[in-house]
Amino acid sequence: EEGVSLDAWTDTFTGRQAVVTVPLGVLRSGAIAFDPPLSQRKQDAMSRLDTASLEKVVLRFSERFWTLDGGAYYLSDTYGEFPFWVDATDFVGEPVLIAFYGGQWAMEHDTMPEADKVALALDVLGEITGQLPPTPVAATVTAWRTDPFALGSYSYFPVGSSADDFAALGESEGDRLHFAGEHTAFDHS
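Just so you know, these numbers come straight off a predicted model, no measurement behind them.

Student: Give a description of the pairing of strand S5 (residues 54-60) that names residues and reports values.
Tutor: Side chains Glu-55, Val-57 and Leu-59 project from S5 onto a buried face, and the interleaved Leu-54, Lys-56, Val-58 and Arg-60 project onto a face without burial. Two elements, S5 and strand S8 (residues 96-102), share 7 bridges in a ladder whose sense is antiparallel. Its bridge partner being in S8, Lys-56 is matched across the sheet by Phe-100. As paired elements, S5 and strand S9 (residues 138-141) share 4 bridges and run antiparallel to each other. What sits directly across from Val-57, in S9, is Val-141.

Here you go:
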């Protein structure tokens, strides 16, 4: 009654108050148990909101071989397949392209190996530029939906939810347990 206690694997942390900043996907998963349980209002809000999938394939090359003027849109025969590309070279100081993908296509490809996603992205890049891309010197692929510390890229409100649900998630539980994060403020989700 005078503070909070957090049991994390083999350690226990105590304090007067706590701020919970874990993503909505993790809260919804039940990976964290609250004792006493969170209010029904907060649980209902969590059940109405959901997390979306927005992933990226980041490709770094030894030289800039493209002229995309900052970025490109790609309309594939396969809906959702790398529809948006950003040239990040000016931001990072290296020849880097970022291919975005999300929605249903991302969910259907969650378990695809990273190397296969990179290969697909390179195929699309070849179509966009009209030339066979060189082998990247580095590549990385995000996997927010399958990352156990995220379980989604960002929160959104599906049919049946509202901005009030974001507000409910941002409310404190009593005077010791507080919540923060993009899923707690409608204007920042």
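Student: Describe the sheet that holds S9, listing the residues and the values that go with them.
Tutor: Across the sheet, 5 strands lie side by side as S6-S7-S8-S5-S9; this open sheet has antiparallel pairing. Here the strands that pair on one side only, and so sit at the sheet edges, are strand S6 (71-73) and S9. If you compare each strand with its neighbour and ignore which way they point, the axes differ by 15° on average. Sheet strands touched by helix H5 (residues 114-129): S5, S6, strand S7 (84-87), S8 and S9. Its angle to S5, the strand with the most contacts, is close to 75°.

Student: Please set out unusual backbone geometry residue by residue, giving values where relevant.
Tutor: A cis geometry characterises the amide bond from Asp-35 onward to Pro-36, with omega recorded as 5°. Tracing the backbone shows Pro-36 in the loop between helix H1 (24-29) and helix H2 (40-48). Phi is positive for Trp-9, close to 55°, though the residue is something other than glycine. By secondary structure assignment, the location of Trp-9 is in the loop between strand S1 (4-8) and strand S2 (11-15). Under the relative-accessibility criterion, Trp-9 is labelled exposed at 80%. For Phe-82, which is not a glycine, the phi torsion comes out positive at approximately 50°. Note on placement: Phe-82 falls in the loop between S6 and S7. You can call Phe-82 buried: its relative accessible area is 0%.

Rules used throughout
For every chain, the first residue of its written sequence is number 1, and the numbers climb from 1 along that sequence. Selection of residues for local features in this predicted model requires a pLDDT of at least 70, selection of side-chain atom pairs for listing and counting requires 80 or more, and totals for whole chains, interfaces and linings are taken over all residues. Side-chain numbers here rest on the full set of heavy atoms in the structure, without hydrogens or water. Burial classification: accessible surface area is computed with a 1.4 Å probe over protein chains only, and a residue below 20% of its type maximum counts as buried, one above 50% as exposed, and the rest as partly exposed. A run of H or I in DSSP counts as a helix once it spans at least four residues, and a run of E counts as a strand once it spans at least two, with each numbered from the N terminus. Two strands form a pair only when DSSP identifies at least two bridges running between them. Each axis is a line fitted through C-alpha atoms, taken for helices only over the stretch in contact, and angles between the N-to-C directions span 0 to 180 degrees. The criterion used for residue contact is that any of the two residues' heavy atoms lie within 4.5 Å.

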